[in-house]
Amino acid sequence: MKKVSVECRNIRLSYGKTEVLKDISLVVEPGEFFALLGPSGSGKSTLLRLIAGFNQQNSGQLLVDGRDIGSVPPHKRNIGMVFQSYALWPHMTVWDNVAFGLVERKVRSAELKTRVAAALELVGLSQYAKRRPNELSGGQQQRVALARTIVIEPQVLLLDEPLSNLDRNLRVQMRQELLSLQRRLGITTIFVTHDQEEAMTTADRMAVLDQGIVQQVGSPSNLFDFPCNRFVANFVGTMN
Ligand code: ADP
Ligand code: MG
C-alpha cells in the first residue's frame with residue numbers, strides 16, 4: 001500500500017462566531033505515527049473530523065498525498081477514523097461489525113471473508129468473531145473498532161483518544177499494540193490524545209495544540225528538550 005502524507009495549510013474553522021482552529025499548518029509524513037497532543041477543548045477532535053471530512057474548514061487547504069481533498073466527501077477519502085466511544089453496533093456480532101464497511105462497499109463475499117478474518121487476526125480477536133460487543137472487555141471492544149477501520153484498508157488512520165476509556169494498565173499495553181500494528185501496516189497515523197506520556201512514548205513526531213493554535217511540532221525528545229514556550233514546557237513535562 002502506498003504511504004501518503006497529510007498536510008494542513010492555514011486551516012481555520014469557526015463554530016458560529018467562535019474560531020476553534022486558528023491557522024493550523026502542519027505536515028504529517030508518509031508512514032508516520034504522529035501524535036496530536038493538547039488539553040480538552042483545544043480543537044483536536046475538530047481537526048481530526050475535518051481531516052476525515054465530517055467538518056468543513058472556513059479557509060485553508062487539506063492535502064493528502066499532495067492533492068487537495070477539500071471537496072472529496074468522507075466516504076471517498078480513503079481515511080479511516082476510530083472514535084473515542086468506538087461506536088460499535090451492539091446488536092451485531094464482532095464479525096458483522098468488522099465486515100460492515102466491506103458490505104457497504106459491495107466487496108464480494110470471498111474477498112470479504114478473507115479480509116475480515118485477516119483484520120481480526122491482526123488484532124488478536126479471531127476466537128471472538130461470534131460475540132457481541134457487550135460480551136467483550138473494553139480493550140477487546142477497542143480492538144474491534146480498530147479492526148473495523150483497518151479492514152477497509154485506509155491510506156490514513158485517524159485515532160481520536162482511542163485508549164481513554166481503558167484503565168491505566170490496559171492503556172499502556174494497548175498503546176504498544178497500537179504502535180506495533182501501525183508499524184506492521186506502515187499506515188500514516190494521526191493519534192489524538194490529551195495524555196502527554198502517551199504521546200511522548202509512541203509518536204515519531206507530535207504537535208502540541210492549545211486553543212486552536214499549533215504551539216510546536218517536533219519529535220518528543222525535541223519538544224521535551226527545547227519547548228518553544230511555557231505552555232509546551234508545562235504540558236510535555238519539562239517543568240514538572
Ligand atoms: P478537543 O477534542 O481538543 O477536546 P474539540 O475539537 O472537541 O476539542 O472542541 C474544541 C472547541 O470547539 C471546544 O471549545 C468545543 O466546545 C467547541 N466545539 C466542538 N464541537 C462543537 C460544535 N459542534 N458546535 C460548537 N462548538 C463546538
Ligand atoms: Mg476530543
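Note: the structure precedes this text.
Right, let's walk through the structure included here. For clarity, every value in this text was computed on a predicted model and none was experimentally measured.

The rules behind these values
Residues numbered from 1 in each chain as written. Chains lettered and ligands numbered in written order. Predicted model: local features only at pLDDT ≥ 70, side-chain atom pairs only at ≥ 80, totals over all residues. Helix = DSSP H or I, 4+ residues; strand = E, 2+ residues; numbered from the N terminus. Expected span 1.5 Å × (residues − 1). Buried ≥ 20, exposed ≤ 12 C-beta atoms within 10 Å, placed from the backbone. Contact = placed C-beta atoms within 7 Å. Near = placed C-beta within 6 Å. Axes fitted to C-alpha atoms, helices over the stretch in contact; angles between N-to-C directions. Parallel < 35°, antiparallel > 145°, perpendicular 65-115°, else oblique. Left-handed = near helix turned anticlockwise from the far one by under 90°. Nonpolar A, V, L, I, M, F, W, Y, C, P; charged D, E, K, R; others polar.

**A short note on helix α4 (residues 138-150)**
No. 1: With 13 residues, α4 ought to run about 18 Å at 1.5 Å a step, and its terminal C-alpha atoms sit 19 Å apart, in line with that.
No. 2: All of the buried residues along α4 are Gln141, Gln142, Arg143, Val144, Ala145, Leu146, Ala147, Arg148, Thr149 and Ile150.
No. 3: Residues of α4 that are buried in the fold lie against β6 (79-82), α2 (94-104), α3 (109-122), β7 (156-160) and α5 (168-185).

**Details of the site of ligand 1**
No. 1: Near ligand 1, the surroundings consist of Tyr15, Val20, Gly38, Ser40, Gly41, Ser42, Gly43, Lys44, Ser45 and Thr46.
No. 2: Top element by residues in the shell around ligand 1 is helix α1 (residues 44-52). It accounts for three residues.

**What to know about the packing of α4 against α5**
No. 1: Contact geometry of α4 with α5 gives a least axis separation of 11 Å together with a crossing angle of 20°. Regarding the angle of α4 to α5, the classification is roughly parallel. Regarding α4 and α5, the two cross each other, and that crossing is right-handed. On α5, the residues that touch Gly138, Gly139, Gln142 and Ile150 of α4 are Leu170, Met174 and Leu185.
No. 2: Class assignment for the residues of the contact of α4 with α5 results in four nonpolar, three polar and no charged.

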